[in-house]
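Report on the structure
Listed here are the chains, written in short residue letters.
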Protein chains: 6
Amino acid sequence: MHARNKPLADEVNLEHVAQTTAGFTGADLENLMNEAAISAAKDNRAYVNQDDITKSFIKVGIGTEKKSRIISDKEKKITAYHETGHAILFHLLPDVGPVYTISIIPTGLGAAGYTMPLPEKDEMFMTKSKMLQEIMVSLGGRIAEEIIFGDITTGASSDIKKATQMARRMVTRYGMSENIGVINYDDDDDEVFIGRDLAHAKKYSEEMQGKIDEEVKFIIDDCYGKAKAMILENMDVLHASSELLLQKEKITREEFEALFVQNA
Amino acid sequence: MHARNKPLADEVNLEHVAQTTAGFTGADLENLMNEAAISAAKDNRAYVNQDDITKSFIKVGIGTEKKSRIISDKEKKITAYHETGHAILFHLLPDVGPVYTISIIPTGLGAAGYTMPLPEKDEMFMTKSKMLQEIMVSLGGRIAEEIIFGDITTGASSDIKKATQMARRMVTRYGMSENIGVINYDDDDDEVFIGRDLAHAKKYSEEMQGKIDEEVKFIIDDCYGKAKAMILENMDVLHASSELLLQKEKITREEFEALFVQNA
Amino acid sequence: MHARNKPLADEVNLEHVAQTTAGFTGADLENLMNEAAISAAKDNRAYVNQDDITKSFIKVGIGTEKKSRIISDKEKKITAYHETGHAILFHLLPDVGPVYTISIIPTGLGAAGYTMPLPEKDEMFMTKSKMLQEIMVSLGGRIAEEIIFGDITTGASSDIKKATQMARRMVTRYGMSENIGVINYDDDDDEVFIGRDLAHAKKYSEEMQGKIDEEVKFIIDDCYGKAKAMILENMDVLHASSELLLQKEKITREEFEALFVQNA
Amino acid sequence: MHARNKPLADEVNLEHVAQTTAGFTGADLENLMNEAAISAAKDNRAYVNQDDITKSFIKVGIGTEKKSRIISDKEKKITAYHETGHAILFHLLPDVGPVYTISIIPTGLGAAGYTMPLPEKDEMFMTKSKMLQEIMVSLGGRIAEEIIFGDITTGASSDIKKATQMARRMVTRYGMSENIGVINYDDDDDEVFIGRDLAHAKKYSEEMQGKIDEEVKFIIDDCYGKAKAMILENMDVLHASSELLLQKEKITREEFEALFVQNA
Amino acid sequence: MHARNKPLADEVNLEHVAQTTAGFTGADLENLMNEAAISAAKDNRAYVNQDDITKSFIKVGIGTEKKSRIISDKEKKITAYHETGHAILFHLLPDVGPVYTISIIPTGLGAAGYTMPLPEKDEMFMTKSKMLQEIMVSLGGRIAEEIIFGDITTGASSDIKKATQMARRMVTRYGMSENIGVINYDDDDDEVFIGRDLAHAKKYSEEMQGKIDEEVKFIIDDCYGKAKAMILENMDVLHASSELLLQKEKITREEFEALFVQNA
Amino acid sequence: MHARNKPLADEVNLEHVAQTTAGFTGADLENLMNEAAISAAKDNRAYVNQDDITKSFIKVGIGTEKKSRIISDKEKKITAYHETGHAILFHLLPDVGPVYTISIIPTGLGAAGYTMPLPEKDEMFMTKSKMLQEIMVSLGGRIAEEIIFGDITTGASSDIKKATQMARRMVTRYGMSENIGVINYDDDDDEVFIGRDLAHAKKYSEEMQGKIDEEVKFIIDDCYGKAKAMILENMDVLHASSELLLQKEKITREEFEALFVQNA
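Residues numbered from 1 in each chain as written. Chains lettered and ligands numbered in written order. Predicted model: local features only at pLDDT ≥ 70, side-chain atom pairs only at ≥ 80, totals over all residues. Heavy atoms only, no water.

1. Here we look at the overall build of chain A
Helices and strands together make up the secondary structure of chain A, namely 10 helices and 3 strands. Its helices and strands taken in sequence order, chain A reads α-α-α-α-β-β-α-α-α-α-α-β-α from the N to the C terminus. Classification of the 264 residues of chain A by burial places 56% in the buried group. When contacts within chain A are restricted to residue pairs at least 6 apart in sequence, long-range pairs at least 24 apart make up 71% of them. For chain A, the computed accessible surface area is about 11,100 Å², with 52% contributed by carbon and sulfur atoms. (Helix = DSSP H or I, 4+ residues; strand = E, 2+ residues; numbered from the N terminus. Buried < 20%, exposed > 50% of the residue type's maximum accessible area, 1.4 Å probe, protein only. Contact = heavy atoms within 4.5 Å. Areas by Shrake-Rupley, 256 points an atom, 1.4 Å probe, with all protein chains shown as cover.)

2. A look at the sheet that holds strand 3 (residues 250-252) of chain F
Residue and element names in this part refer to chain F. If you trace the 3 strands from one edge of the open sheet to the other, you get 2-1-3, paired in antiparallel fashion. The open sheet has two edge strands, strand 2 (114-117) and strand 3, and neither has a second partner. Between one strand axis and the next, the sheet turns through 15° on average, direction left out of account. Alignment of strand 1 (residues 99-103) against strand 2, held across 4 bridges, turns out to be antiparallel. Across the sheet, T101 pairs through a bridge with M116, a residue of strand 2. Helix 4 (residues 73-92) contacts strand 1 and strand 2 of the sheet and is inclined by roughly 20° relative to strand 2. (Pairing = 2+ DSSP bridges. Axes fitted to C-alpha atoms, helices over the stretch in contact; angles between N-to-C directions.)

3. A short note on the pattern of salt bridges
Enumeration over the complete set of coordinates arrives at 37 salt bridges over all chains. Between D222 of chain B and K226 of chain B there is a salt bridge; the shortest N-O distance is 2.9 Å. Here K226 of chain B and D222 of chain B lie together in helix 8 (residues 206-232), a separation of 4 residues that amounts to about one turn. For R253 of chain E, the salt bridge goes to E257 of chain E, with nearest N and O atoms at 3.1 Å. Of this pair, R253 of chain E and E257 of chain E both sit in helix 10 (residues 253-262), separated by 4 residues, roughly a single helical turn. Residue classification places E257 of chain E among the partly exposed residues on the basis of a relative accessible area of 24%. (Salt bridge = Lys/Arg side-chain N within 4 Å of Asp/Glu carboxyl O.)

4. Quick look at unusual backbone geometry
Phi at E249 of chain A takes a positive value of approximately 70°, unusual for a residue other than glycine. You can see E249 of chain A is positioned in the loop between helix 9 (235-248) and strand 3 (250-252).

5. Side note on the packing of helix 4 (residues 73-92) of chain D against helix 9 (residues 235-248) of chain D
Residue and element names in this part refer to chain D. Where helix 4 meets helix 9, the closest approach of the two axes is 9 Å, and the angle between their N-to-C directions is 130°. Our classification of the angle between helix 4 and helix 9 gives oblique. Relative to helix 9, the crossing made by helix 4 is right-handed. Together, K76, K77, A80, Y81, T84, G85 and I88 of helix 4 and V237, L238, H239, S241, S242, E243, L245 and L246 of helix 9 make up the contact between the two elements. Of the residues contributing to the contact of helix 4 with helix 9, the split by class is 7 nonpolar, 5 polar and 3 charged. (Parallel < 35°, antiparallel > 145°, perpendicular 65-115°, else oblique. Left-handed = near helix turned anticlockwise from the far one by under 90°. Nonpolar A, V, L, I, M, F, W, Y, C, P; charged D, E, K, R; others polar.)

6. Points about the packing of aromatic side chains
How two aromatic rings sit relative to each other is set out by the distance from centre to centre and by the angle between their planes. Tallied over the entire structure, the rule returns 18 aromatic pairs over all chains. With 5.8 Å between their ring centres and 90° between their planes, Y81 of chain A and F149 of chain A make a pair best called edge-to-face. One end of the pair, Y81 of chain A, is in helix 4 (residues 73-92); the other, F149 of chain A, is in helix 5 (residues 128-149), and 68 residues separate them in sequence. Taking the relative accessible area as the measure of exposure, F149 of chain A reaches 26% and is therefore partly exposed. Here F256 of chain D and F260 of chain D contribute two aromatic rings whose centre-to-centre distance is 5.4 Å and whose plane-to-plane angle is 85°, an arrangement assigned as edge-to-face. Of the two residues, F256 of chain D and F260 of chain D are both situated in helix 10 (residues 253-262); the distance of 4 residues between them amounts to about one turn of the helix. There is no split in this pair, since F256 of chain D and F260 of chain D are both buried. (Phe/Tyr/Trp six-rings, centres within 6.5 Å; stacked < 30°, edge-to-face > 60°.)

7. Digging into the environment of L93 of chain D
Residues and elements named next belong to chain D. Along the chain, L93 falls in the loop between helix 4 and strand 1 (99-103). On the accessibility criterion, L93 (8% relative accessible area) is buried. Taking the C-alpha atoms as reference points, L93 and M136, 43 residues apart in sequence, are found 8.9 Å from one another. When residues no more than four places from it in sequence are discounted, the contact partners of L93 are Q133, M136, V137 and M230.

8. Section: the sheet that holds strand 1 (residues 99-103) of chain B
Hydrogen bonds along the backbone pair up the strands of a sheet, which may run parallel or antiparallel. All names here are of chain B. On the basis of which strands lie adjacent, the open sheet formed by 3 strands has the order 2-1-3 and antiparallel pairing. With partners counted over all chains shown, the strands left at the sheet margins are strand 2 (114-117) and strand 3 (250-252), one partner each. Taken pair by pair, the neighbouring strands of this sheet meet at an average axis angle of 15°, ignoring direction. Relative to the sheet, helix 4 (residues 73-92) contacts strand 1 and strand 2, its axis offset from that of strand 2 by approximately 15°. Strand contacts of helix 9 (residues 235-248): strand 1 and strand 3, with the helix running at about 120° to strand 3, the strand carrying the most contacts.

9. Considering the side chain of T153 of chain A
Note on placement: T153 of chain A falls in the loop between helix 5 and helix 6 (157-172). For T153 of chain A, the side chain forms a polar contact with the main-chain nitrogen of G155 of chain A, separated by 3.0 Å. Leave out the neighbours within four places in its chain, and T153 of chain A touches I78, R142 and E145 of chain A together with F125, M126, T127, K128 and M176 of chain B. (Polar contact = N/O pair within 3.5 Å; in protein donor to acceptor, adjacent residues only side chain to side chain.)

10. Focus: the environment of G150 of chain F
Residues and elements named next belong to chain F. Among the structural elements, G150 can be located in the loop between helix 5 (128-149) and helix 6 (157-172). On the accessibility criterion, G150 (53% relative accessible area) is exposed. A C-alpha to C-alpha distance of 31 Å links G150 and G210, two positions 60 residues apart in sequence.

11. Focus: helix 5 of chain A
Here helix 5 of chain A contains 22 residues, and its C-alpha end-to-end distance of 32 Å stays within 8% of the 32 Å for a straight helix at 1.5 Å per residue. Along helix 5 of chain A, the largest kink reaches about 40° and is centred on G140 of chain A. (Expected span 1.5 Å × (residues − 1). Bend = angle between axes of the 7 residues up to and from the residue.)

12. Quick look at the side chain of N234 of chain F
The topology assignment puts N234 of chain F in the loop between helix 8 (206-232) and helix 9 (235-248). In this view, N234 of chain F contacts I88, L92 and F260 of chain F; residues no more than four positions away in its chain are not counted.

13. Concerning the packing of helix 6 of chain F against helix 8 of chain F
Residues and elements named next belong to chain F. Packing of helix 6 against helix 8 brings their axes to within 9 Å, and their N-to-C directions diverge by 125°. As the angle between them shows, helix 6 and helix 8 are arranged oblique. Considering only the axes of helix 6 and helix 8, their crossing is right-handed. Packed against helix 6, whose contacting residues are A163, T164, A167, R168, M170, V171 and T172, the element helix 8 presents I212, E215, V216, I219 and I220 at the interface. Taken together, the residues that form the contact of helix 6 with helix 8 break down as 8 nonpolar, 2 polar and 2 charged.

In structure tokens, the structure reads:
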């Protein structure tokens, strides 16, 4: 709603913004978009890009970490392991990260914690390898929960959504699945410009949709397996980082990377 | 409608609110939301959370218990067993409850009775185990009806709806089914923020929908079986509590828990 | 439309109201709802319940029986047998009825006649047994036509609709079919409160829909068979009551029940 | 549109009105509905019934027969045989007709001719037999074209639509197909009152829809065969009546029935 | 849009108007409809029929042939053969045509040329034979391209659309396919009058839709084969007419028919 | 939105405009359409055609190449090979191109570079051969990425979309697939004029949709294979042109074509 009144670069992932700002009031969003517009202006750009939004998000959203909220010890522990799961993969995978901060202080946005990578360069496109690594990072939190607690939580829902969306776009928009081919099966984009109703019928068959589903599931399952193997090889770091987080609530890149050296 | 004019935390389950406030007039809802806003303000929060709504609900909704309504003896008896079915599971399952009050006084909301657990801590996420226990509790009323009367009633419809919704979300949103995997198949959430029409086509195939249906059914059937076994092991409490309820119309945590001791 | 401006209890079956008031003018509906509001007020209730509507319906709707309309003898005869079909089942089945009046005077609502049970107590829920009996009663008119005339008429359409709706809800909303399980497959209810568009995709598969269809058909076919057997065992009453109706146009509970004694 | 502002009896078939008034201007419709309201008022009725509309339709619509339009001889001949096809079935079938007028003067409504039965009594319901006869009558025009010319025309499209609609309703609304059963599969009716969007999902499966299709096709094919046999047995009347129509453009009941005597 | 403000006869094919006026500005459409209204008035008709629109179309649309546009020689040659393909079939088939003008001057409507038959009498209905011939004429342009150039162009898209629409209506609206039967499977027409939303579910099954697809394809394929055979038998005329068109840009009925005599 | 207020020729591909102007602000679009209107006026045309838009696009959009943006060396290299992939096919295929400019300077539109062919003549239709060549050109960028880097990027998404759309239209709108036939299966066009809701049901079956999917996939796969073979035969030019682009950022037709001579 608020984003609509400002020119946004094509690259801006509105759905990602929507996910991470759920819980904002209207005023919070207004605030976020103003900060982003200022950031764009500093850069002599007429439009707001993803980077502007990310910066403002940290300023407006996470800046309002709410220490006052009472979190149970069990939740703190789950969050510490969940965030470390993300962080280990950020650290190990070549095209993502490195980690900038890990926190288990609940944010004003309703998240129990966060793992923030260093801001990336403003990239024009992503490679297939990097997309697969992003999916692995997204699944890292859930994997850590599964390894440590056996039981799993609802806390991974936005991670799962993000991983699914990336895998589906690899298959339907970016032609990155050999079985499906270099063909677009993505009904979503560009609709807004033309002003047409979204309620159109699918342009492809159920049979093709079934094949797409298989590909998406294969990508996710494969990333899950590989990411789990990487975390299992770094159990010492997983425990050490989670314990440190429980003590300090927030750790820096240096503190986190030192654990890899200590546990090598 | 009324909820829309106030910032709500992401965790607030609007559908649950809708179910439990069916029968409210516009003024009742207004009242409910005002109470919730006051509760949030006392807590220095800019947004209304589930806890605020629950508290106000008790104040506004159940506070208006209508003793004047004439209920047949048969209905009272069914309600007493139904509510005790919920209550026994609240009591026995580790991650839910304990029971705060059980009542068979019809509420201003059209319910024939209610079982109220102690208000929970404001949790950031739920474990898979707890979700399964919530489903078991929801099915407890129907199970008690089936055991005692053979015949069953329409009174469990909102319980069934809640259990189905939780099971479906476990499978499609929280990646809690191994057969389906850690993939999002949930078209519903986040739509409101983006302002897009809901009438979009499904993003997955009929075949996948069929597999999801199987998983949902498996979860519900499994919870039903386990919950029924637990109630069957506590038939003495089921009878004692239902009889007490028929005498007193409303019993407290202490009275209810005493029955477990007496019937141990 | 008119109902929307007044608080209605959750139990009020708007679709039933819609069916039985088809043919009303706007003023008639206004009138009906005013009568219902008065009835609620007398009872110190802030909302209108089903009972208020039923009472007002009799006052406003059937009160305007139109003797002036010219009905053919054949139609009168069909109507007499059709209504007696309903009435016999009302009389024999334990959880419905007893019959209050049977009439073959066409109503202001376009019905050729009606069978009115005694007003029921204001029940909070229905048992499965009673729902099956209601379905049997609904099918009774059609069954009588089939037995007596061989030929059947369009006059049973709203009966068929009602029976189908009850059977479908037993399966999809009330978890009353063992094959389908205690799962909600009902997309309809509660949508209005949330204000969401109804045009959402189904949440379950075609395969599951097929199973639901089978269950619904099984329930209807089974009720039809049982109801037909009961009427066939009371052919003397069927003929006697229909003949009495053709003479008097309207008969009372006493007159009707006497026929069972005379033909025992 | 115009019909909405006036109370209509439930029996009024709006779709039939829509079909037969296609081509009317807004003013024509206004006119039609005013005539109908006057007709209702004369009868002391507060609502407009089918009979009022039919009478007004003749006054307003067919009353404006346009002799000035130039029709080719071939079209006149086709129309004469087409209308006689309808008329023979009206005459022979026991529950429909008898014929009042047959005309091949094009109407103000764009029809090339018409066969008008005597106005019927205001019936409260139709038997299955009569519905089948109505379907046969509807198909009579097409059958005559096929028999006489080998070639067929687009002129039967509204007849086909009417026959299809009746057959479909027999199966889905009136429970008149044994294979399908006494179950409602009709999503259309009563929607308007509740004010709900029509764009809801189907309440039954593709498999059931397939069975319904088979039944509808069976009914139509069966009626076609029987109606064709009846016309083939009356070829002398078919030729005689068509020739008389080509001479006189319009013939009366007496003239038409005399042909049956002459050709007996 | 513009057509809506004027009463149109039922026969007016709005979709055909839409196809042939694509590229018009609002003012052009206004102009077209005004001319049509004048034409109707001259004829003492209260409504606009197809003939009025066709006449106005020639006046407003084709009257603005734009000689200034630079067309490549290759495009001119393709257009000449394409239009002659249509023209040969108009000439040879008994129920369509004869040709009035053939032109390869691009029109103000974006067409590269046109073949205009003599205006037809205002027919009340079409025979099946004529519909098949119209389909053959529509396919004639594409067939000529295929025969002469091997390669084919996008220029036939509106011809293909028209042929498909006629074939589909033969099957679903006019009952002209023996395999499908005399049944209506056409969801489109008459919706506007009733004011109902178009977004209703289909009234027939996927299986039936598959059968309809087969019939439509059979009709088109069959017409294509027959039309191709007729053009192949008239290759001399095809070449002669195309060459004459390339010289003169526009030829008359006399010039075109003379080629048949010369090449007999 | 902006385009709607101006008459556009039918040929204007709004979706292409939408794709290439994503990232524009409202003012940019206003600017673009004004330039296009001026261009049309100079040509004495009342409507804007594709050529006007292309010219204005270069003026408004690409004219704002943003050298200030910092692009990583890896991205520059990928872009250089991607653009050369397009350019080689433009050069070699007979009915497209030749190349006018190749650039790896990011544009104001968010593209990492562009390959611009010489402006084409204003063609009235396209041949099947040319459409296939356009698809091959579109796939050339992705093919070069795959050959050189093994890894592939998201940068080809609009190329993939364009190729898919052309292939689908060949099959469903232009009758260019022998297996599918000369039949229209395209629900999209002309809807706007009639003002009808787009949310209509498909007019053809799932089975037919499956066949269409197969044809579209066959066309894309076939074009991909042929285009890859052509690039593999010109690896020297691919390397030389990419290196030259990395040095100069932008190269002209003469520079590019010289590389073919040097590497012959």
